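Observations on the three-dimensional arrangement
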Amino acid sequence: MVNVIGNYGNADGNGRSLIMNGHIDVVPEGPLSGWTSHPYKPEVRDNKLFGRGANDMKGGLTAKVFALKAIKEAGYKPNAPVYLQSVVEEECTGNGALACVAAGYKADAALIGEPFDEALVTAQVGVIWFQIKLSGKPVHAERATEGVNAVEAMLPVIAGYREMEKQWNNEKMNYPDFAQHQHPINLNVGEFHGGDWTSSVPAWAVLNLRIAIYPGDSLSERSRQIEKTLQNLIQENGLVKKAKPVLVYHGFYGEGYTLPENTDAENELASAHEGIFNSPLKRIAVTAATDSRFFGIYQNTPALVYGPSGERIHAFDEYVDLDSLKNITKVYARFIQNWCGITEL
Ligand SMILES: [Zn+2]
């Protein structure tokens, strides 16, 4: 997979430029038995399009393509460059969007079509991925007490990080966007691998974890707390100590992002939304990360995260609602019209 970037609009026009960004990578589909139809053979049922990535986020990305196409077919062109960025690696690092920033793409606003139910994301968490590797001492199961079981040594490690998660959630009052959220910081025990044989004490185990951090948090300070938690476990638990834990950061290492209040970009999007939906634009804080941090933090560009309705992202029977997708396409087109301005071809 590669990044693809297109550009439509007058480079020497007097409008405001725009980056429209969406990711094409998806997360694994899991066992096929959990799906009603094949995850990679898209199917429409009840005006919903089912398939892995339909909602997260081929839907939002497609809406951007069709919004630009509609403007072109109506005989118009934006008054400033509109960069359409189809990027990779949003789900594991953000390196696709980061590569666009590194290549020098910059605009007056960024719009990311992540599927948050036709609401604007005004605050979002950051994410850290980390991996714990344990080394056991393999022996025959008949003398298991003489070995070091790398799989069992992982149990107190999980418990230790659950405790850290609790403490981080207790800090939510310091973060106004998340103070009312029931559980803003989610630790996900995402992957576990270990052992080679049912009658051998396992010589190795690997655990992959994901945890959120609040917007404004320092990545290095939160990493220090992750490392301290492991050091404490080594001191307190003999089995963990014997399993010689190693900690590796193996992917996501991204800050959270808060959209500055009352930007022109947000106001234009709100009016485009109201014009299509006849209802005010909802604002939400979400406990997931998006690529917005690269535009918002690294380029000081307002990064609007706004996309269609659907359900079950990262789950079985993921779908995007097609009526919502059509309306979101109209909002995008109207936003381009008002933000960039348009002129006849
Ligand atoms: Zn996504």
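Everything numeric here is computed off the predicted structure, so don't read it as measured data.

This part takes up the overall build of the protein chain. If you tally the helices and strands in the protein chain, you get eight helices and 19 strands. Expressed as a percentage of the 345 residues in the protein chain, the buried residues total 50%. Long-range contacts, defined as pairs at least 24 residues apart, comprise 81% of the intrachain contacts of the protein chain with a sequence gap of at least 6. Working note: accessible area of the protein chain is about 16,000 Å², and carbon and sulfur atoms make up 51% of it.

Below, the discussion takes up the packing of helix α1 (residues 54–73) against helix α8 (residues 322–340). Axis separation between α1 and α8 bottoms out at 8 Å; the angle between their running directions is 50°. Taken as axis vectors, α1 and α8 run oblique relative to one another. Helix-helix and strand crossings are classified by hand; for α1 and α8 the assignment is right-handed. On α8, the residues touching G59, G60, A63, K64, F66, A67, L68 and I71 of α1 are L325, I328, T329, Y332, A333 and I336. Here the contact of α1 with α8 is composed, by residue class, of ten nonpolar, three polar and one charged.

Overall, the coordinates contain eleven aromatic pairs when judged by the stated rule. Consider the rings of F50 and Y319, whose centres lie 5.2 Å apart with planes at 50°: the pair is tilted. Of this pair, F50 sits in strand β4 (residues 48–50) while Y319 sits in strand β18 (residues 319–321); the two residues are 269 residues apart in sequence, bridging distant segments of the chain. Neither residue differs from the other here; F50 and Y319 are each classed as buried.

Rules used throughout
Residues numbered from 1 in each chain as written. Predicted model: local features only at pLDDT ≥ 70, side-chain atom pairs only at ≥ 80, totals over all residues. Heavy atoms only, no water. Helix = DSSP H or I, 4+ residues; strand = E, 2+ residues; numbered from the N terminus. Buried < 20%, exposed > 50% of the residue type's maximum accessible area, 1.4 Å probe, protein only. Contact = heavy atoms within 4.5 Å. Areas by Shrake-Rupley, 256 points an atom, 1.4 Å probe, with all protein chains shown as cover. Axes fitted to C-alpha atoms, helices over the stretch in contact; angles between N-to-C directions. Parallel < 35°, antiparallel > 145°, perpendicular 65-115°, else oblique. Left-handed = near helix turned anticlockwise from the far one by under 90°. Nonpolar A, V, L, I, M, F, W, Y, C, P; charged D, E, K, R; others polar. Phe/Tyr/Trp six-rings, centres within 6.5 Å; stacked < 30°, edge-to-face > 60°.

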